[in-house]
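The primary structure of each chain is shown beneath.
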Amino acid sequence: MIAADGLVAVSSIIFGAAFLLLQTPPIWFIYIVLFIRGLGNTFHGPAMQAAIPMFVPTDMLTKAGGWGNMIQSVSNMMGLWLVLHSWYLCLFMPLWLWIYWGLLLR
C-alpha cells in the first residue's frame, strides 16, 4: 500500500512540475502520468479496504466500511466540484486573505 501510494504521489509531483516548467506538456506525457496514477490507484484502493479490519473491531466493521465508502465518494464528487470552481476560489482568495489578516491584526 505504501509503494502504491508513493507511486501516485511521485507521479503527481512530476505532473505538477511539468505544468510549472512547461507551458503545455505533450499529450503523450499526460497520458503516461495518468496511466501511472491509475496503476497506483488500482493497488492502493483494495489495499486500503483490506486494511480496515486491522484497525476496527469486528462488531463495527460494517459501519466503518460504510463510512469509508461514503467519504471516498464524497471526496470524488467534491474534487470535481473544486476543480470546476477553482477559478472562483483563485479570484477571491486574495480578498479573503486581506480580510483574514485584517481581522487577525485587529
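As shown above, the structure is provided for reference.
About the cut-offs
Residues numbered from 1 in each chain as written. Predicted model: local features only at pLDDT ≥ 70, side-chain atom pairs only at ≥ 80, totals over all residues. Heavy atoms only, no water. Helix = DSSP H or I, 4+ residues; strand = E, 2+ residues; numbered from the N terminus. Buried < 20%, exposed > 50% of the residue type's maximum accessible area, 1.4 Å probe, protein only. Contact = heavy atoms within 4.5 Å. Phe/Tyr/Trp six-rings, centres within 6.5 Å; stacked < 30°, edge-to-face > 60°. 1 Å grid on protein atoms, 1.4 Å probe; cavity = no way out; pocket = protein on both sides within 12 Å on 5 of 7 lines; lining within 4 Å. Points joined across faces, edges and corners; volume = space filled by probe spheres on them. Nonpolar A, V, L, I, M, F, W, Y, C, P; charged D, E, K, R; others polar.

### Some words on the side chain of His 44
Right, on to step 1. Mapped onto the elements of the fold, His 44 is located in helix α2 (residues 27-55).
Right, on to step 2. Overall, the relative accessible area of 17% leaves His 44 in the buried class.
Right, on to step 3. If we ignore the near neighbours within four places in the chain, the residues touching His 44 are Met 1, Ala 4 and Asp 5.

### Structural notes on the environment of Met 1
Right, on to step 1. Within the fold, Met 1 resides in the segment before α1 (2-21).
Right, on to step 2. Each residue touching Met 1, except ones within four places of it in the same chain, is listed here: His 44, Ala 47 and Met 48.

### Digging into the packing of aromatic side chains
Right, on to step 1. Applying the stated criterion across every chain, the model contains two aromatic pairs.
Right, on to step 2. Judged by centre distance (5.2 Å) and plane angle (80°), the rings of Phe 15 and Phe 19 are edge-to-face. Of this pair, Phe 15 and Phe 19 both sit in helix α1, four residues apart, which is roughly one turn of the helix.
Right, on to step 3. For Phe 15, a relative accessible area of 22% translates into the label partly exposed.
Right, on to step 4. A relative accessible area of 41% places Phe 19 in the partly exposed class.
Right, on to step 5. Measuring from centroid to centroid gives 6.3 Å for Trp 28 and Phe 29, while their planes differ by 90°, and the two rings are edge-to-face.
Right, on to step 6. The class of Trp 28 is exposed, set by a relative accessible area of 55%.

### Digging into the layout of surface pockets
Right, on to step 1. What the largest pocket holds in volume is close to 300 Å³.
Right, on to step 2. Forming the walls of the largest pocket are Asn 41, His 44, Gly 45, Met 48, Gln 49, Ile 52, Gly 68, Asn 69, Ile 71, Gln 72 and Ser 75.
Right, on to step 3. Of all the secondary structure elements, the ones that give two or more residues to the lining of the largest pocket are α2 and α3 (61-84).
Right, on to step 4. Sort the elements by how many residues they give to the lining of the largest pocket and α2 lands first, with six residues.
Right, on to step 5. Each residue belonging to the lining of the largest pocket can be placed in one class, and the counts come to three nonpolar, eight polar and no charged.
Right, on to step 6. By volume, the second largest pocket is sized at about 170 Å³.
Right, on to step 7. If you go around the second largest pocket, the residues you meet are Arg 37, Asn 41 and Val 83.

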